[in-house]
Amino acid sequence: MINNIINGWGNLIKDKFGLLDNQTRAIATKRLTICNGCNIRSNGICNPTKNTININSGKVVKGCGCVIAAKTLDPASYCPAGKW
């Protein structure tokens, strides 16, 4: 998990300097589109105080607490609601 966080933030920095590869940017763009409409998103955070239903398991889950801009840039990360 810590590697995912470091990778996401590293890719966010790469993106700011125009050094991010196109494949990772495309993945992140698609993910951000999904996150923008999610009910557990609050001020750019996957809010750990909000609940939603995981679309795969049907279980109630909480937001993970991650900064969405960084999390979406780690290809190995996943959405707690199963949306990506």
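1. What to know about the overall build of the protein
In terms of helices and strands, the protein carries three helices and four strands. Taken from N to C terminus, the helices and strands of the protein fall in the order α-α-β-β-β-β-α. At 13 Å, the protein has a C-alpha radius of gyration in line with the 12 Å of a compact globule built from 84 residues. Taken along its principal axes, the extent of the C-alpha atoms in the protein is 40 × 20 × 20 Å. Counting only residues that meet the buried cut, the protein has 36% of its 84 residues in that class. At a minimum sequence separation of 6, the contacts of the protein that also span at least 24 residues come to 47%. A total accessible area of about 5,300 Å² is found for the protein, and carbon and sulfur atoms account for 59% of it.

2. A look at the pattern of salt bridges
Taken as a whole and judged by the stated rule, the model has one salt bridge. Here Arg25 makes a salt bridge to Asp15, at a shortest N to O gap of 3.0 Å. Placement of Arg25 in helix α2 (residues 22–36) and of Asp15 in helix α1 (residues 2–16) is noted, with a sequence separation of 10 residues between them. Relative accessible area serves as the criterion here: at 28%, Asp15 is assigned to the partly exposed category.

3. Overview of the packing of aromatic side chains
Under the counting rule described, the total for this entry stands at zero aromatic pairs. Over the ring of Tyr78 we find Lys71, and its NZ or CZ is 5.7 Å from the ring centre.

4. Things to note about the side chain of Arg31
Along the chain, the position of Arg31 falls in helix α2. For the buried Arg31, which has no salt bridge, the nearest side chain bearing the opposite charge is Asp74, at an N-O separation of 6.1 Å. A polar side-chain atom of Arg31 sits 3.1 Å from the main-chain carbonyl oxygen of Pro75. Ignoring sequence-local partners within four residues, the contact set of Arg31 consists of Lys71, Thr72, Asp74, Pro75, Ser77 and Trp84.

Conventions used here
Residues numbered from 1 in each chain as written. Predicted model: local features only at pLDDT ≥ 70, side-chain atom pairs only at ≥ 80, totals over all residues. Heavy atoms only, no water. Helix = DSSP H or I, 4+ residues; strand = E, 2+ residues; numbered from the N terminus. Rg over C-alpha atoms; globule rule 2.2 N^0.38 Å. Buried < 20%, exposed > 50% of the residue type's maximum accessible area, 1.4 Å probe, protein only. Contact = heavy atoms within 4.5 Å. Areas by Shrake-Rupley, 256 points an atom, 1.4 Å probe, with all protein chains shown as cover. Salt bridge = Lys/Arg side-chain N within 4 Å of Asp/Glu carboxyl O. Phe/Tyr/Trp six-rings, centres within 6.5 Å; stacked < 30°, edge-to-face > 60°. Lys NZ or Arg CZ within 6 Å of the ring centre and 35° of its normal. Lys, Arg positive; Asp, Glu negative; His and termini not counted. Polar contact = N/O pair within 3.5 Å; in protein donor to acceptor, adjacent residues only side chain to side chain.

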